[in-house]
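Structural features, examined
Chain by chain, the residues run as shown.
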Amino acid sequence: MTKWLSWGVTATLLIATLSGIIISYPYHEEHPLISTVGIETVVPFGDFFRALHYFSGQLTLLLLWMHTVEALIKRRAQSRPWWSWSILILSLPAILFILFTGYVIRDDETGFSAGRIAEHLALSIPWVGKYMNHLFFLVSQDGVHRPWLIHVYLTGLVLGGTGLWHFRLRLLSLLDLGCWATICTALSLVWPASLVAPQETTLVKGPWFFLGVQELLRYLPPFWAGIAYPSLPVVCLFGYYWRPRLATLSLLLWALSYGIFLLMGACR
Amino acid sequence: MIIKKQRRWFIKALTGIWLGGLGAVGLITAFSYLPRPPKKIFLKVKLVPNKVIVGPEYFLLLSAHGPIALSRTCPHLGCTVNYDPEENIFICPCHQSRFTLLGRYISGPAHKDLKPLKLKHTDAGFVLEIA
Amino acid sequence: MKKGFIILGICLLIFVVWRETQRKRAPHVFLTTSGRIEMCLACHQERPSKPHAREVVGCSPCHNGQPLRIDKSLAHKNLIFNAGDLHVADSSCGQPACHPRRPEWVKKSLMATNRGIIDTLRRYWGEANKPCPDTVESLLKSGKNSLALDYFRKLCGSCHLWFPRGKYQGFLAQKGGGCVACHLVPNKKPKGHPFLTLNIPIRNCARCHNRSGRIALTYQGLYEAEGYGTPYLHGDFGADTLLDGRFVQHIPPDIHFKKGLVCVDCHIKEETMGTGKSYVHMVQSLEVQCTSCHGGTGHTSKGHIIPGFKKEKGRSVFIDHHQKVHPLKPPLPIACRHPVHKNLSCQACHNRHVPQCFGCHIRRVANEKQLDKLSGKETPGAWEEFRSYMRYKTPTLGWYKNKIVILVPG
C-alpha cells in the first residue's frame, strides 16, 4: 500500500478541519454569504485560510478517491472483515457530503442552488425522504443551519473514525503534516477559493463533482438522477467484498458514464 | 447463578431501551423545526403591460386578467428562476426549465407551473405573501 | 525532500504575512439598500446620479466585475468600463430588474442600425434596387464592403450607437457608446463618475445630428458657414467653431429653443429608442407632429403619449424637462385651417430658411488611406468632402404623401 496516499488523506483532512475551525469563528450561519464575504475581504488572513480550507478539502476528496482505487487494485477488501470494509467505504460518501455541504453553507450562487436541489433530492427518497431532509438540509425553511451542523458533526465523525483507524497503526508524523500543509498553502496562494456572486443568469453550475448529476437531472426524474444513480458506486463498493468482478465492471461502467455526464455539464 | 445472569441480561436490555429511547426521542427533536412566520411584502409600484418586476423571491407583472405574482422557486428542484428579457420567458438556471410570463410550464424537467403567490391590491400598494 | 517542503512552507508563511501587511482590508461588508453584497464600495467612492445612487445600485449591476472580492485583480475580472455599450447593454442596463428589453429595441432603432443612410447610399449609388437589410450591426459582424459601404464606413461610420466611445481622439472621443451616447452628462470633477440623465441635453443630440439637414445646429441658431472663418475680427477667425473644426455663425434660433425646450421634449422615447420595430427610413420612425401639441391632444401619429403635454384649467400647456410651463398656441384659424392651405405641412410656411449644401461634393482619392470607423483599420481609398458653396435659404418645396413639404438636401 502506498503509504503517502493514506497519510495524505489523513493529513489533508486534518488541515481542512483545523483551517475550518479557524474560519468558523468569524462565520455566522445566520447570514452565511455576508460572513463568507467578510472572511474573504474584512478578516485578516481570512481569504488565505478560506482558500486553505477549500483546497485541503478538495484534496482530501481526490486523495481518498485515489486511495479507494488503489485499495481495489490491491484487493485490500478480502484481507479484512466485511464490516470493516463497509465502514471504510462509508468514508467516501461522507467526505463527499461534507464537501457538498461546504458549498451549501457559503450560500453564494452555487451554494444556494446546490442547497435547494439537495433538499428536493432528499425529499424524493420514498418514505424516509422527509426525515432525511429534516436532518440534513431543510434550507428552504431553516437556511444553512442544518447543512452547517452536518458539515461540522460529520467531519468530527469521519476524523474520529478514520483517525482511529490510522492512528492505531502509527501516529501521523508531524513532518508529513508539514509537507501536506505546504502543498495546500501553495495551492491556495495560486488560486482563490471559489465564490460566485448571485446574478440574473440563465445558467448556474454546481460544484465540479456534482456537474454530472446536474446534467442528468435535466433528463431523468430527481430520484433516479440525483439519488439512485449517484449511490450506485457506493453499493458497488460494498458489494465488492462478495462479488469483486461484477463490482469492478459496474464501477468502471459507472465511472465512464459519469465522466461523460460530467464533461457534458462542464461544457455548458 | 442463572438468575443473576438473567438479571444481568435484563438490566442490559433495559439500559438499551432507556438509552435507545432517549436517542429516538432526541431524533424527533432534531427532525422538527420551528416554522418561520409567513413573510409579507409591501410593494408600491406601478405595473405596466409587458414589464416584469423582479423581486428576490417573486415576479410581479400585469396580465390580461390583472396583476399576478409568481414564486421564483422552480417546481423542479427549488432553484431561483430568472427572467430572460431576450426571449421574454422565465428560465431556471439550474436545469433550464422554461415558463411563460404567466408561469405556465413550457419545457424542461420541471413539468409543473410556477406557483402563484397571494397578492392583495390595496389603496396604498400591493401586499405580497410569501409562504 | 521532505525538509525542502518544510522550508518552502516557512517561506510561504512569510509571504502570506508580508502580503497581508501590503493589503488594505475592507472595514466591513458593504450592502446595498436591497441587502445585496457590493464590496466594490469598499474602494470606490464614485457617486452617480440619484436613480443609480451608489447605496441603492452599487457598481456591479452595471459594470460587472466580482462584487464579492476586494483584491483588485479578482474584483476587476470581467469588468465593463462602459456599461451602456450595446454589446453588453442587454445584461447591464437591460437586465431584468432595471430596463428590460430596452437595449433590444434600441438595437433595432435607426440610431443603431443607420439603415436609412446605408439604404439611401446603396440605392442611389446603384448597388441595390430594393430596401437593403444591411445595418451597422450586420456590417460589424460580416465585414461586408462595397464602394457605397466603404464611403459609409469611412465618413458616416462614427454616427451610430455601436461606435466605441472613447476609443478615438478628438471629436470622435465623445461619440457613440450605446445608451450613454445620449444619456450621459460628464462630471466636471476630474475622474468623477459621469451622470446618467433623462434630461438629454441638446449637445448630446448635436454630436451626430449636425450634418445633412443639420437640424441640431439650425435648432440652436447655428449656421454652418463656408470654411473660411470669416469675418475676421481682431486678427482671428470671427466665426465660432464646432468640435470637429467646422465654422458656424449665429442666426435666430428655433422658437422652441428660445423658450428653453430641448430635443427630447418633443422627440419621445418611442420615437428615439423605438418600440422594437425595425424601420428603413427616419420618416417611418418619426411620429411627433407639430399638431400633436398645437391644437392636438398630446398624442403622436402612432398614438403614443407626449409626456410634456398637459391640460391645465381647460387650456393646453407644455411642461418641459425643466418643469417650466409653456402655453400652447393652437394653429391660427385662418392661416392654417383655411382650405387653400389644407395641403401645406406646417414646415412649408414656418421653416423660412434651411441650410442647403447644393455645392457639397465628395471625391475618392485612391492612393491614400483612411480610417474605416467600423473595423477600426486604415484601408486604401480616402473620401474627401469639398464644396463650392453652402447657403442658408428658403427651402425648396416638394410633394410628399399628399402634402407640400420642405426638401433639405444634405
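Please read these numbers as outputs of a predicted model, since none were measured by experiment.

Helices and strands together make up the secondary structure of chain B, namely 1 helix and 10 strands. Mapped from its N terminus to its C terminus, chain B presents α and β elements in the order α-β-β-β-β-β-β-β-β-β-β. In summary, chain B has a C-alpha radius of gyration of 26 Å against a globular reference of 14 Å for 131 residues, an excess of more than 25%. Along the first, second and third principal axes, the C-alpha atoms of chain B reach 90 × 35 × 20 Å. Taking all 131 residues of chain B together, 37% fall into the buried category. Within chain B, residue pairs in contact and separated by at least 24 positions form 39% of the contacts whose partners lie at least 6 positions apart. A total accessible area of about 8,500 Å² is found for chain B, and carbon and sulfur atoms account for 64% of it. One finds the centroid of the 18 positive side-chain charges in chain B at a distance of 23 Å from the centroid of its 7 negative side-chain charges.

A few words on unusual backbone geometry. Even without a glycine there, the phi angle at Asn-88 of chain B is positive, about 60 degrees. Secondary-structure assignment places Asn-88 of chain B in the loop between strand E5 (82-84) and strand E6 (89-91). On the basis of relative accessible area, Asn-88 of chain B is assigned to the buried category, the value being 16%. The phi torsion at Gln-323 of chain C lies on the positive side, around 65 degrees, for a residue other than glycine. With respect to the element layout, Gln-323 of chain C can be found in the loop between strand E7 (315-319) and strand E8 (325-327). You can call Gln-323 of chain C exposed: its relative accessible area is 61%.

Another point: the interface of chain A and chain C. The interface is formed by 31 residues belonging to chain A together with 26 residues belonging to chain C. Roughly 2,400 Å² of surface becomes buried between chain A and chain C when both sides are summed, with 73% attributable to carbon and sulfur atoms. Applying the counting rule to chain A against chain C returns 4 salt bridges. Between Asp-176 of chain A and Lys-2 of chain C there is a salt bridge, and its shortest N-O distance comes to 2.7 Å. Of all the secondary-structure elements, those providing two or more residues to the side of chain A that touches chain C are helix H2 (32-41), helix H3 (46-73) and helix H9 (174-190) of chain A. Across the side of chain A that touches chain C, the residue classes break down as 19 nonpolar, 7 polar and 5 charged.

Turning our attention to the sheet that holds strand E3 (residues 58-63) of chain B. Taken together, the 3 strands give an open sheet; going across it, the order is E2-E3-E4 (chain B), and neighbouring strands pair in antiparallel fashion. The two strands at the open ends of the sheet, each matched to only one other strand, are strand E2 (53-54) and strand E4 (66-71) of chain B.

What follows deals with the packing of aromatic side chains. One pass over the structure, following the stated rule, counts 30 aromatic pairs over all chains. Arranged with centres 5.3 Å apart and planes meeting at 75 degrees, the rings of Tyr-241 of chain A and Trp-242 of chain A form a pair that is edge-to-face. An aromatic cluster is built from Tyr-54, Phe-55, Tyr-103, Trp-191, Trp-208 and Phe-209 of chain A, whose rings are joined through pairwise contacts. If you follow Arg-363 of chain C out to its NZ or CZ, it ends over the ring of Phe-386 of chain C, 4.4 Å from the centre.

All right, on to the interface of chain B and chain A then. Taken residue by residue, the interface counts 24 residues in chain B and 24 residues in chain A. Between chain B and chain A, a total of about 2,100 Å² is buried, with carbon and sulfur atoms accounting for 56% of that surface. Across the contact surface, chain B and chain A share 0 salt bridges. Along the contact surface separating chain B from chain A lie 7 residue pairs in polar contact (both at pLDDT 80 or more). Elements supplying a minimum of two residues to the side of chain B that touches chain A: helix H1 (2-31) and E5 of chain B. Considering only residue class, the side of chain B that touches chain A consists of 13 nonpolar, 8 polar and 3 charged.

Our next topic: the nonpolar core. In terms of nonpolar packing, the biggest core is built from 75 residues, with Phe-100 and Ile-117 of chain A together with Val-52, Phe-59, Val-81 and Phe-90 of chain B touching the most fellow members. At 11 residues, the largest contribution of residues to this core is made by H3 of chain A. Discounting residues that sit within four places of it in the chain, Phe-100 of chain A has contacts with Ala-114, Ala-118, Phe-137, Pro-207, Phe-209 and Phe-210 of chain A.

Attention now goes to the side chain of Asp-85 of chain C. Residues and elements named next belong to chain C. For Asp-85, the location among the structural elements is in the loop between helix H3 (72-75) and helix H4 (102-106). Here the side chain of Asp-85 touches His-87 through a polar contact of 2.7 Å, side chain to side chain. Sequence-distant contacts of Asp-85, that is, excluding residues within four places in its chain, are made with Gly-177 and Gly-178.

Summarising burial for helix H8 (residues 147-156) of chain C: 8 of the 10 residues are buried, a large majority. Next to the buried residues of H8 of chain C lie helix H6 (115-124), helix H7 (136-142), strand E10 (360-372) and strand E11 (377-387) of chain C.

Okay, the domain arrangement of chain B next. When its domains are assigned, chain B resolves into domain 1 (1-33) and domain 2 (39-130). The distance between the C-alpha centroids of domain 1 of chain B and domain 2 of chain B comes to 52 Å.

This brings us to helix H4 (residues 82-106) of chain A. Taking 1.5 Å of rise per residue, the 25 residues of H4 of chain A would be expected to cover 36 Å, and the 37 Å separating its terminal C-alpha atoms lies within 8% of that figure. After H4 of chain A finishes, the residue Asp-107 of chain A shows a positive phi value of roughly 60 degrees.

What follows is about the environment of Lys-112 of chain B. All names here are of chain B. Looking at the element boundaries, Lys-112 is found in the loop between strand E8 (105-107) and strand E9 (118-121). The exposed category is assigned to Lys-112, whose relative accessible area is 52%. When neighbours within four sequence positions are excluded, Lys-112 is seen to be in contact with Pro-75, Phe-99 and Tyr-105.

With that settled, the discussion passes to the state of the cysteines. Residues and elements named next belong to chain B. Taken as a whole and judged by the stated rule, the model has 2 disulfides over all chains. Here Cys-79 connects covalently by a disulfide to Cys-94, the sulfurs 2.2 Å from one another. What sets the handedness of the Cys-79 and Cys-94 disulfide is the S-S torsion sign, and at about -95 degrees it is left-handed. Of this pair, Cys-79 sits in the loop between E4 and E5 while Cys-94 sits in the loop between E6 and strand E7 (98-99); the two residues are 15 residues apart in sequence, bridging distant segments of the chain. Looking at Cys-94, the relative accessible area reads 1%, which means it is buried.

Rules used throughout
Residues numbered from 1 in each chain as written. Chains lettered and ligands numbered in written order. Predicted model: local features only at pLDDT ≥ 70, side-chain atom pairs only at ≥ 80, totals over all residues. Heavy atoms only, no water. Helix = DSSP H or I, 4+ residues; strand = E, 2+ residues; numbered from the N terminus. Rg over C-alpha atoms; globule rule 2.2 N^0.38 Å. Buried < 20%, exposed > 50% of the residue type's maximum accessible area, 1.4 Å probe, protein only. Contact = heavy atoms within 4.5 Å. Areas by Shrake-Rupley, 256 points an atom, 1.4 Å probe, with all protein chains shown as cover. Lys, Arg positive; Asp, Glu negative; His and termini not counted. Charge placed at Lys NZ, Arg CZ, Asp CG, Glu CD. Buried area = accessible area lost by both parts, 1.4 Å probe. Salt bridge = Lys/Arg side-chain N within 4 Å of Asp/Glu carboxyl O. Nonpolar A, V, L, I, M, F, W, Y, C, P; charged D, E, K, R; others polar. Pairing = 2+ DSSP bridges. Phe/Tyr/Trp six-rings, centres within 6.5 Å; stacked < 30°, edge-to-face > 60°. Lys NZ or Arg CZ within 6 Å of the ring centre and 35° of its normal. Polar contact = N/O pair within 3.5 Å; in protein donor to acceptor, adjacent residues only side chain to side chain. Core = buried A, V, L, I, M, F, W, Y, C linked by side-chain atoms within 4.5 Å. Domains from an automatic or database assignment. Expected span 1.5 Å × (residues − 1). Disulfide = S-S within 2.5 Å.

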